[in-house]
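Notes for the structure review
Listed below, chain by chain, are the residues.
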Amino acid sequence: MKACKVFFQTLGCKVNQYESEAMAELFAAAGYPLAADISEASIVVVNTCTVTAVSSQKSRQMIRRAAGANPNAVLAVVGCYAQSEPEVVAAIDGVDVIIGTKDRTRIVELVEAALQRREQILQVGNVEEIGAFEELPHAPHRTRAFLKIEDGCNNFCAYCIIPYVRGRVRSRPLESIRTESLALAAAGYKELVLTGIHIGAYGRDLKNVTLVDAIKTVLDAANPLRLRLGSLESAELTDELIDLLKGDGRICNHVHLPLQAGSDAILKAMRRPYTTKNFSELTARLIREVPDVSIGTDLIVGFPGETEAHFAETLEFIKSQPFSKIHVFPYSARAGTLAATLPNQIPPQIKKLRAGLALEVAQAKAQLFSERLIGKTVEIIAETAAGGLVDGLTKNYVRVCVPDKNIRLGAVVKVKVEKIFKDGVFGAAGG
């Protein structure tokens, strides 16, 4: 049985990517190697997403395609969509194992049971009963290593399904963070990325511990060349965190602050805990105090009740802000959330039009930020190589491409930026 190979397909966020790698390590430790192609696998794992209705649809499609591509394999479906609609997943032909957002440490055991009996196993519990952070192994293989420090969210924003499928905030103990940080340092990773569902809430379930403590633990243990922070809520950038961000050169000068709307009326309807004035004051402070900082954000257009005037406010606000990258999402109704029950739902064609207008602003902002690098020398860690080009990210999250076949992945490279290129910039090594 241990000659069986396993194949992973993953949808969604960086947390999902991390968790797929962790589950692959569990299989490897049990003697199951990874398959290069789904056709070679005896076990197929689909790690799903449900953050939007489109994500749920893609998850269903991926499950059905996996079942059709290799009907003889044991098919395990895990993650957020499996948690939110287990009965729908169970009804899809070919699904053998369903695991939600807990008990992923048992995936090998449950798959082995299905291999022996070939009867469907449903392992989806109540997320409200998850009491502690689930410790998963991690076997990073990229030039950047993700380090998950937290799971769950307590915010219950009106539009968001995530607290219902991930549960409440569970923080990874500092000693566990330290242990993994040491392992990543020993493996030679120069850049670590702190990730989680809501990392700014780290420590709320622990005593006298905050995200600053987690960051300091990683910096002390791993001493990485770079430490990159995942998405943070604007209200969570405390003075202590900002001082750390601007005072320690190892922390990347890139901050992702989800805005979601540029209208105070819509922010209130979304149950977001800030105003545009709060947000604007914070971004102005970051620009003043953190050299060359880049600020990314998320934007939802077409939220129920969003009038043309509200959307005009949002457009004007994002134009006024120093964003380097804006991810634009048309509002997606999620059953079980408050927003799905609100009146004045926006027609799809209007959401599409508003998303297009916001994307025009987003593209202009990204290009303007990238143009500021032309003529400057920046530093990247070589991340991928293809077609004679090597690319990597600057500390402030601009992708840089370099024409050099001799640069090894993981190398630190100085680049003289020459021009805009695709979704980033292009330059010559050795600048």
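Relevant structure appears above.
Everything quoted here is computed from the prediction, not taken from an experiment. (Residues numbered from 1 in each chain as written. Predicted model: local features only at pLDDT ≥ 70, side-chain atom pairs only at ≥ 80, totals over all residues. Heavy atoms only, no water.)

**What about the sheet that holds strand β10 (residues 254-256)?**
Whenever strands of a sheet pair, they do so through backbone hydrogen bonds, lying parallel or antiparallel. Under the convention used in this document: For two strands to be treated as a pair, DSSP must find at least two bridges joining them. Each helix is a run of H or I in the DSSP string that is no shorter than four residues. Each strand is a run of E no shorter than two, and both are numbered from the N terminus. The angle between two axes is taken between their N-to-C directions and runs from 0 to 180 degrees, where each axis is a line fitted to C-alpha atoms and a helix contributes only its stretch in contact. Residues are treated as being in contact if the distance between any of their heavy atoms lies within 4.5 Å.
Sheet architecture is open: three strands sit in the order β10-β11-β12, paired in parallel fashion. In this open sheet, the two strands that pair with only one neighbour each are β10 and β12 (323-330). Taking each pair of neighbouring strands and ignoring which way they run, the sheet shows an average axis angle of 15 degrees. Sitting on the sheet, helix α13 (residues 348-371) is in contact with β11 (294-301) and β12, with an inclination near 165 degrees to β12.

**Let's talk about the sheet that holds strand β14 (residues 384-386)**
Taken in spatial order, the six strands make up an open sheet running β13-β17-β18-β16-β15-β14, and their pairing is mixed. Across the chains shown, the open sheet's two edge strands, defined by having one partner strand only, are β13 (377-381) and β14. When strand polarity is set aside, the average angle formed by the axes of neighbouring strands in this sheet is 40 degrees.

**Looking at helix α2 (residues 53-69)**
Put simply, the test is: To estimate how far a helix should extend, the number of its residues minus one is multiplied by 1.5 Å. Only protein chains enter the accessibility calculation, which uses a 1.4 Å probe; a residue is then buried when its area is under 20% of its type maximum, exposed when over 50%, and partly exposed in between. By construction, the arc corresponds to the directions joining the helix axis to the C-beta atoms.
Across its 17 residues, α2 extends 24 Å between first and last C-alpha, which sits within 8% of the 24 Å expected from 1.5 Å per residue. Every buried residue of α2 is accounted for by Ser55, Ser56, Ser59, Met62, Ile63, Ala66 and Ala67. Axial view of α2: buried residues confined to an arc of 130 degrees, hence all on one face. Opposite the packed face of α2, turned more than 90 degrees from it, sit the exposed residues Arg65 and Gly68. For α2, the elements touching its buried residues are β1 (6-10), β2 (43-48), β3 (74-79), α3 (80-84), α4 (86-90) and β4 (95-99).

**Looking at the pairing of strand β17 (residues 412-421)**
Looking at chain direction, β13 and β17 are connected through five bridges and run antiparallel. Bridging from a neighbouring strand, Val378 pairs with Val415 of β17. The antiparallel hairpin formed by β17 and strand β18 (residues 424-429) contains two residues in its connecting segment, where Lys422 sits at a positive phi of about 50 degrees.

**A closer look at the nonpolar core**
Threshold: Residues belong to a common nonpolar core when they are buried Ala, Val, Leu, Ile, Met, Phe, Trp, Tyr or Cys residues joined through side-chain atoms within 4.5 Å.
Ile149, Tyr159, Ile215, Leu237, Leu257 and Leu286 are the most contacted members of the largest nonpolar core, which totals 66 residues. A per-element tally of this core places helix α8 (residues 211-222) first, with seven residues.

**With respect to the packing of helix α1 (residues 14-29) against helix α5 (residues 107-117)**
Let me state the cut-off plainly: Should an angle fall under 35 degrees it is taken as roughly parallel, and over 145 as roughly antiparallel, whereas 65 to 115 is taken as roughly perpendicular and any remaining angle as oblique. When residues are grouped by polarity, Ala, Val, Leu, Ile, Met, Phe, Trp, Tyr, Cys and Pro land in nonpolar, Asp, Glu, Lys and Arg in charged, and all others, Gly among them, in polar.
Put simply, α1 and α5 touch, their axes get as near as 9 Å, and they point 60 degrees apart. If you check the angle between α1 and α5, you find them oblique. Contacts between α1 and α5 involve Met23, Leu26 and Phe27 on the former and, on the latter, Ile107, Val108 and Val111. The class makeup of the residues in the contact of α1 with α5 is six nonpolar, no polar and no charged.

**Observations regarding the packing of helix α9 (residues 239-247) against helix α11 (residues 276-289)**
The criterion, for reference: Crossing handedness: left-handed means the near helix sits turned counterclockwise from the far one by under a right angle, and right-handed means the same turn made clockwise.
At their nearest, the axes of α9 and α11 sit 11 Å apart, and the two run at 30 degrees to each other. It follows that α9 is roughly parallel to α11 by the angle criterion. For α9 against α11, the interelement crossing comes out right-handed. Judged by residue contacts, Asp239, Ile242, Asp243, Leu245 and Lys246 of α9 engage Leu282, Arg285, Leu286 and Glu289 from α11. A class-by-class count of the residues in the contact of α9 with α11 yields four nonpolar, no polar and five charged.

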